[in-house]
Amino acid sequence: MDKLKIDPQLLHALEDTAAPKGPVQAVVTVGAPGRASPMAPAETEKVINAIVDRAARECNSLPHKLVIFPNLQSFSIEADPILLRKILDEDAVDAATLNVKP
């Protein structure tokens, strides 16, 4: 996870051991590594679904909500912190921010 690309408030929400561990909402932007031009909407959906599916299998946790914005190369997700951390470790993740501020 490149912490420079992740909103500090999102990192805090994922790492705060004092807060109850419920789902966290985030907005994540993706890109094709090594590619300068934007991805087509269909390719964006494919990349996002692959990221989420792979992370969900690895940590045995499914997202509570997932909304893909294919024209923006991004998605909104509500998931347990373990799943979000796994998603943020993906190379295709360009940036992420906390969606709901406390």
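Here, the structure is the one placed above.
How each quantity is defined
- All residue numbers refer to positions counted from 1 along the written sequence of the respective chain.
- Under the rules for a predicted model, residues below a pLDDT of 70 receive no local features and side-chain atom pairs below 80 are neither given nor counted, while totals for whole chains, interfaces and linings still include all residues.
- With hydrogens and water stripped out, all remaining heavy atoms of the structure feed into the side-chain values.
- For two strands to count as paired, DSSP must find a minimum of two bridges between them.
- Secondary structure counts use DSSP, requiring at least four H or I residues in a row for a helix and at least two E residues in a row for a strand, with both numbered from the N terminus.
- Note on definitions: angles span 0 to 180 degrees between N-to-C directions of axes, and those axes are lines fitted to C-alpha atoms, for helices only across the stretch in contact.
- We call two residues in contact when some of their heavy atoms are within 4.5 Å.
- Between the first and last residue of a helix there are one fewer steps than residues, each counted as 1.5 Å, and that sum is the expected span.
- Burial status follows relative accessibility: with a 1.4 Å probe on protein chains alone, a residue under 20% of its type maximum counts as buried, one over 50% as exposed, and anything between as partly exposed.
- What the arc covers is the set of directions going from the helix axis to the C-beta atoms.

A. Region of the structure containing the sheet that holds strand S1 (residues 24-30). Across the sheet, four strands lie side by side as S2-S3-S1-S4; this open sheet has antiparallel pairing. Strands with a single pairing partner mark the edges of an open sheet, and in this sheet they are strand S2 (65-69) and strand S4 (93-98). Between one strand axis and the next, the sheet turns by 20 degrees as a mean value, whatever way the strands run. Sheet topology places S2 next to strand S3 (residues 74-79); five bridges connect them, and they run antiparallel. Residue pairing for S3: Phe-69 is matched across the bridge by Ser-74. Sitting on the sheet, helix H1 (residues 8-15) touches S1 and S4, and the angle it makes with S4 is about 75 degrees. On top of the sheet, helix H2 (residues 41-59) reaches S1, S2 and S3; it is set at about 155 degrees to S2, its chief contact.

B. Quick look at H2. In this model H2 runs 27 Å from its N-terminal to its C-terminal C-alpha over 19 residues, within 8% of the 27 Å that 1.5 Å per residue would give. Among all positions of H2, only Thr-44, Ile-48, Ile-51, Val-52, Ala-55, Ala-56 and Cys-59 are buried. End-on, the buried residues of H2 take up no more than an arc of 120 degrees, which puts them together on one face. Set apart from the buried face of H2 by more than 90 degrees, the exposed residues are Ala-42, Lys-46 and Arg-57. Among the structural elements, S1, S2, S3 and helix H3 (81-88) are those in contact with the buried residues of H2. A positive phi of about 55 degrees marks Asn-60, the residue just after H2.

C. Structural detail: the pairing of S3. With six of its six residues buried, S3 lies for the most part within the structure. Burial along S3 is two-sided: the face carrying Ser-74, Ser-76 and Glu-78 and the face carrying Phe-75, Ile-77 and Ala-79 are both buried. When S1 meets S3, the two strands line up antiparallel, connected through six bridges. Bridged to Ala-26 within S3 is Ile-77. Counting the residues that bridge the hairpin from S2 to S3 gives four residues, and of these Gln-73 lies at a positive phi of roughly 55 degrees.

D. Local environment of the side chain of Thr-44. Note on placement: Thr-44 falls in helix H2. Thr-44 sits in the buried class, given a relative accessible area of 0%. Excluding residues within four positions of it along the chain, Thr-44 makes contact with Met-39, Phe-69, Pro-70, Gln-73 and Ser-74.

E. Quick look at the pairing of S1. Burial of the side chains of S1 is restricted to one face: Val-24, Ala-26, Val-28 and Val-30 are buried, whereas none of Gln-25, Val-27 and Thr-29 on the reverse face is. Both S1 and S4 contribute to a ladder of five bridges, which runs antiparallel. Bridged to Val-27 within S4 is Thr-97.

Fair warning: the whole summary comes from geometry, so function is off the table for now.
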